[in-house]
Amino acid sequence: MKEKGKSEKEKVFGSRLATRVSCLVSLLLCVSAFSSNAIAQSGGTFTITKSVIAGGGGRSTGGTFTLDGTIGQAVAGTTSTGAPFTVISGFWEGGGAAISTRRSPFDFDGDGKTDIGIFRPLTASEWWINRSGNGQTFALQFGASTDKITPADYTGDGKADIAFFRPSSGEWYVLRSEDFSFFALPFGTNGDVPVPADYDADGKSDFAVFRPSTTTWFISQSSGAPTKIIQFGLNGDRPVVSDFDGDGKADIGIFRPAPAEWWIQRSTLGLLALQFGATTDKPVQGDYTGDGKADVAIWRPSTGEWFIIRSENFSFYGFPFGTNGDVVAPGDYDGDGKFDATVFRPSSSTWFISRTTAGTQIVQFGSIGDRPIANAFVP
């Protein structure tokens, strides 16, 4: 009886071993089919969580082993733990397009949500910002009443930096979010319109200006690439910068008020031109549908209506939110990856935020004469 029991165990063990070997061979064959020259990765005992292997995912665990020719997305996973090990080919081959990191604009504490904040244009101008992460408000003096506010993440730490452009001298001043030290540099001249954004997809906003007199764009790329000089637009056009094709790079674009035309030079998909809106409308482009691409959008002051063209299929929708006299301040205030229609009412210093996930929020913050920070780049 003992011998018979032992034989059955051996059969079960042999069957399981054959299955595992078969799975391993299948995996290696799949890997080989995708890449014939992949680099081996080896190490001690470890766990890989949410790694992407040949389009799959989940969790792979085990003792000391070697993965030969593993392939995956440029961003392969979120957690790797275990004993010391070495990964030789850090970004694996054959995994397709890189995944761009989606960040909320005007996020001063790095929690993925746009923060409510105002700029008070005084001789010694004040910034008042309510951090959504902890609900605390901080205030400081930085700039003058004639400066143009340009808050953005210039240092790449995932937090917006307080910043402004001084038209009289063409200088930029940036207060680092990491330690509140500041730096300054000249880029532009009087009459230029500041249009900072991440044009080279390195995770940092680039210093950039649009010169209406010559319809020329000057972009200082933070990645170290040469400064871009591009002629695009006509005198009287208003710059509308955003990532309209979802490649992680900001696209230059203009809104032409008289015929209400949009001209956008998408960095991957090429030129897009369309007619949408009216002369007196306010361009409020942003990703309202959460597909990773900015939507062409306008707010109509006379009626308080929003009109948005979906980037997915170029259909449009509209809805009322706000009234004449309000100041638009769109952003992602609930951190769900979608822009929220938002207005600031100067007469009562009240914010009305139509959050796509968390519902409408009404907040009193600021005073008469203040400018909402999220209105910084609305022409």
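Residues numbered from 1 in each chain as written. Predicted model: local features only at pLDDT ≥ 70, side-chain atom pairs only at ≥ 80, totals over all residues. Heavy atoms only, no water.

Counted by the stated rule, this structure contains 9 salt bridges. For E126, the salt bridge is made with R120, and the minimal N-O distance between the two is 3.6 Å. Note on accessibility: E126 and R120 belong to one class, buried. A salt bridge links D281 to R300; its shortest N-O distance comes to 2.8 Å. Within this pair, whereas D281 is found in the loop between β21 (270-275) and β22 (282-283), its partner R300 is found in strand β23 (residues 296-300), the two being separated by 19 residues in sequence. The buried category is assigned to D281, whose relative accessible area is 0%. (Salt bridge = Lys/Arg side-chain N within 4 Å of Asp/Glu carboxyl O. Buried < 20%, exposed > 50% of the residue type's maximum accessible area, 1.4 Å probe, protein only. Helix = DSSP H or I, 4+ residues; strand = E, 2+ residues; numbered from the N terminus.)

Our focus in this paragraph is the sheet that holds strand β20 (residues 261-266). The 4 strands are arranged β18-β19-β20-β21 in an open sheet whose pairing can be described as antiparallel. Sheet topology places β18 (238-239) and β21 at the edges, where each strand pairs with a single neighbour. In terms of strand pairing, β18 meets strand β19 (residues 252-256) through 2 bridges, oriented antiparallel. When the bridges of β19 are listed, P239 appears paired with I254. (Pairing = 2+ DSSP bridges.)

You can see I118 is positioned in strand β7 (residues 116-120). When the C-alpha positions of I118 and S367 are compared, they lie 8.9 Å apart, and in sequence the two are 249 residues distant. Here I118 is in contact with E126, W127, W128, W351, F365, G366, D370, R371, P372 and I373, once residues within four sequence places are set aside. (Contact = heavy atoms within 4.5 Å.)

Peptide bonds are, in most cases, trans, and in most cases residues other than glycine have a negative phi. Positive phi values are uncommon outside glycine, yet A201 reaches one of about 60 degrees. Phi angles above zero are rare outside glycine, and S349 is one such case at about 55 degrees. For S349, the position within the fold is in the loop between β27 (341-345) and β28 (350-355).

This part takes up the confidence of the model for the protein. The share of residues in the protein with pLDDT of 70 or more is 73%, and the mean pLDDT across the chain is 82. The low-confidence segment residues 1-100, where pLDDT is below 50, has 105 contacts with residues more than four positions distant or belonging to other chains. (pLDDT = per-residue confidence, 0-100.)

Read across the sheet, 4 strands follow the order β22-β23-β24-β25 without closing on themselves; strand pairing throughout is antiparallel. Both edges of this open sheet fall to β22 and β25 (316-320), since each of them pairs with a single strand only. Bridging between β23 and strand β24 (residues 305-309) involves 5 bridges; their strand directions are antiparallel. Bridging from a neighbouring strand, V296 pairs with I309 of β24.

Turning next to the pairing of strand β16 (residues 216-220). Counting buried positions along β16 yields 4 of 5 residues, so the element is predominantly enclosed. Two elements, strand β15 (residues 207-211) and β16, share 5 bridges in a ladder whose sense is antiparallel. Bridge assignment links V209 to a residue of β16, and that residue is F218. Linking β15 to β16, which pair antiparallel, is a turn of 4 residues; within it T215 sits at a positive phi near 50 degrees. Here β16 pairs with strand β17 (residues 228-231) via 4 bridges, running antiparallel. Following the sheet pairing, F218 is matched in β17 by I229.

A few words now on the nonpolar core. Counting 25 residues, the largest nonpolar core has F108, W127, L140, F142, I162, Y333 and W351 as the members making the most contacts within it. Broken down by secondary-structure element, the contributors of at least two residues to this core are β7, β8 (126-130), β9 (137-141), β11 (162-166), β12 (171-175) and β28. No other element matches the 3 residues that β7 contributes to this core. In this structure, V240, F255, L274 and A294 belong to the second largest nonpolar core, which totals 14 residues. (Core = buried A, V, L, I, M, F, W, Y, C linked by side-chain atoms within 4.5 Å.)

Moving on to the packing of aromatic side chains. Under the defined criterion, the tally for this structure stands at 19 aromatic pairs. These aromatic residues form a ring-pair network of at least three members: Y154, F165, W172, F183 and F207. (Phe/Tyr/Trp six-rings, centres within 6.5 Å; stacked < 30°, edge-to-face > 60°.)

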